[in-house]
Amino acid sequence: MRKIAVFASGTGTNFDAIQASIEKGQLDASIELVVVDKLDAKVIEKAKAKQIDTFVFNPKEYASKNDYERVIVEECKRRGVEWIVLAGYMRILADALLEAYPNHIVNIHPSLLPAFKGKDAIGQAFNYGVKIMGVSIHYVNAEMDGGKIIAQRCFDVVDGMTHDEAEAKIHAIEHQLYPETLKKLLEEK
Ligand code: GRF
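A brief look at the structure comes next. (Residues numbered from 1 in each chain as written. Predicted model: local features only at pLDDT ≥ 70, side-chain atom pairs only at ≥ 80, totals over all residues. Heavy atoms only, no water.)

1. Quick word on the nonpolar core
Judged by nonpolar contacts, the single largest core of 41 residues is most densely connected at Ile18, Ile31 and Tyr178. At 8 residues, helix H6 (residues 163–188) tops the list of elements feeding residues into this core. Not counting chain neighbours up to four residues away, the residues in contact with Ile31 comprise Ile4, Val6, Phe15, Ile18, Gln19, Ile22 and Ile52. Judged by nonpolar contacts, the second largest core, of 20 residues, contains Ile84, Tyr89, Leu93 and Val140. (Core = buried A, V, L, I, M, F, W, Y, C linked by side-chain atoms within 4.5 Å. Buried < 20%, exposed > 50% of the residue type's maximum accessible area, 1.4 Å probe, protein only. Helix = DSSP H or I, 4+ residues; strand = E, 2+ residues; numbered from the N terminus. Contact = heavy atoms within 4.5 Å.)

Encoded structure:
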């Protein structure tokens, strides 16, 4: 059983999907800590409802990114966390985390990387008029949505598809692909 930490900034539907997969016995892991950088993020209540520890912080209260990351690393290490799973965590990582967890930090992004990095990837893809959209899971490095791709899944953008419909499809894919990919990764390494 692998100990993981999930990092999120918002709703936490990917947290839900990963936790559900653990509860069903599909993913042999345990979420030891949920790290959140927004004091009012919905994911906080979700984690608490599952009796999972949370570390909620305000980045503005720290002098630098490495300062708060050092605290996060300490919180993770003392719980024996082996893998860091970013799920809607809207921050680029610095050296403190990257050096503490080399090749053990992954992220999910709602585009077929390397296209449409950063915010509103779905909107960016729509503006470009792409005919195929998808989801990527990748290792995390110091670049925004950079790092080697681990898994991708795509779908056709049908005529007349709205932004909301594409987003719903992307979320449905994410909620399957993230637990599946984590299962493979955690079993391999
Ligand atoms: C997901 O679409 C993910 O790809 C992106 O942020 C969103 C997080 O959603 N990085 P949620 O908080 O897991 O519902």
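Text resumes after the structure shown.
2. Remarks on the pattern of salt bridges
Summed over all chains, the structure comprises 10 salt bridges. Across the pair Arg91 and Asp37 runs a salt bridge, and its minimum N-O distance is 2.5 Å. Here Arg91 is found in the loop between strand S4 (83–86) and helix H4 (95–100), whereas its partner Asp37 is found in the loop between strand S2 (29–36) and helix H2 (42–49), with 54 residues between them in sequence. Residue classification places Asp37 among the buried positions, given a relative accessible area of 5%. For Lys183, the salt bridge is made with Glu187, and the minimal N-O distance between the two is 2.9 Å. One end of the pair is Lys183 and the other is Glu187, both in helix H6 and 4 residues apart, which spans about a single turn. You can call Lys183 partly exposed: its relative accessible area is 35%. (Salt bridge = Lys/Arg side-chain N within 4 Å of Asp/Glu carboxyl O.)

3. Some remarks on the site of the ligand
Looking at the ligand, the residues that line it are Thr11, Gly12, Thr13, Asn14, Gly88, Ile108, His109, Pro110, His171 and Glu174. At a separation of 3.5 Å, an oxygen atom of the ligand approaches a polar backbone atom of Thr11. Interatomic distance of 2.8 Å between a backbone N/O atom of Asn14 and an oxygen atom of the ligand. Protein coverage of the free-state accessible area of the ligand, which is 370 Å², stands at 85%. If you list the elements that add at least two residues to the shell around the ligand, you get helix H1 (13–23), strand S5 (105–109) and H6. In terms of residue class, the shell around the ligand is built from 2 nonpolar, 7 polar and 1 charged. (Near = heavy atom within 4 Å. Polar contact = N/O pair within 3.5 Å; in protein donor to acceptor, adjacent residues only side chain to side chain. Areas by Shrake-Rupley, 256 points an atom, 1.4 Å probe, with all protein chains shown as cover. Nonpolar A, V, L, I, M, F, W, Y, C, P; charged D, E, K, R; others polar.)

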